[in-house]
Amino acid sequence: MKYKFNCRVYFSDTDAGGIVYHARYLDFAEHARTEALRSVFSSSQNELLSSDIAFVVKSINISYEKPGYLDDLITVETSLKEAKKFSAIFLQEVKRGDDILALLEVKVAAISLSKKRPVLIPEEIINALSI
């Protein structure tokens, strides 16, 4: 399933020419993954954090396809590509209408907050994100 997150490009997201600064796509994608996880939990990620689990980014591959501009309304579509015991890979498309601005492949690992060690991703999270 694709989770959709909409946001506007603000002045702070752009360079002097009104073009989205390349690093801002990472922020857009992070916000979208957060909202995808929020959709799995009833209210917030505090439920996940209170169970001593957090997701950390292990790697990101990003391809910039077209520029985004000041005031664009963009949508970030997030889907689960693959899930293993301790890690998962998300595919994310940053779009303006039908135009793809950036493609991201983000690998995350589940860790115990208290032990700072990898932990199993709870089955209910994988199931919910895979629907």
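Further up the page is the structure itself.
Worth saying up front: this structure is predicted, and the values here are computed from it rather than measured. (Residues numbered from 1 in each chain as written. Predicted model: local features only at pLDDT ≥ 70, side-chain atom pairs only at ≥ 80, totals over all residues. Heavy atoms only, no water.)

### Remarks on the sheet that holds strand β1 (residues 3-8)
In spatial order, the strands read β1-β3-β4-β5-β2; together these five strands make up an open sheet with antiparallel pairing. A strand with exactly one partner marks an edge of an open sheet, and here the two such strands are β1 and β2 (53-64). Sheet twist, expressed as the average angle between the axes of neighbouring strands with direction ignored, equals 25 degrees. Relative to strand β5 (residues 99-112), strand β4 (residues 87-96) runs antiparallel, the two being bridged by 10 bridges. (Pairing = 2+ DSSP bridges. Helix = DSSP H or I, 4+ residues; strand = E, 2+ residues; numbered from the N terminus. Axes fitted to C-alpha atoms, helices over the stretch in contact; angles between N-to-C directions.)

### What to know about the packing of aromatic side chains
Scanning the entire structure with this criterion turns up two aromatic pairs. Look at Tyr 25 and Tyr 64: their rings are 5.6 Å apart centre to centre, the planes differ by 65 degrees, and that puts the pair in the edge-to-face class. A residue pair is termed long-range when its members are at least 10 positions apart, and Tyr 25 in helix α1 (residues 24-40) and Tyr 64 in strand β2 qualify at 39 residues. Every member of this aromatic cluster is reached through a ring pair, and the members are Tyr 25, Phe 28 and Tyr 64. (Phe/Tyr/Trp six-rings, centres within 6.5 Å; stacked < 30°, edge-to-face > 60°.)

### Here we look at the pairing of strand β3 (residues 73-83)
Pairing between β1 and β3: six bridges, direction antiparallel. What sits directly across from Lys 4, in β3, is Glu 77. Two elements, β3 and β4, share eight bridges in a ladder whose sense is antiparallel. Looking across to β4, one finds that Ser 79 is bridged to Leu 91.

### Quick look at the environment of Pro 118
Mapped onto the fold, Pro 118 is located in the loop between β5 and α3 (123-130). For Pro 118, a relative accessible area of 51% puts it in the exposed group. If we ignore the near neighbours within four places in the chain, the residues touching Pro 118 are Phe 86, Ala 110 and Ile 111. (Buried < 20%, exposed > 50% of the residue type's maximum accessible area, 1.4 Å probe, protein only. Contact = heavy atoms within 4.5 Å.)

### So, the side chain of Thr 78
Tracing the chain through its elements places Thr 78 in strand β3. The class for Thr 78 is buried, based on a relative accessible area of 1%. Only 2.9 Å separates the side chain of Thr 78 from the side chain of Gln 92, close enough to count as a polar contact. (Polar contact = N/O pair within 3.5 Å; in protein donor to acceptor, adjacent residues only side chain to side chain.)

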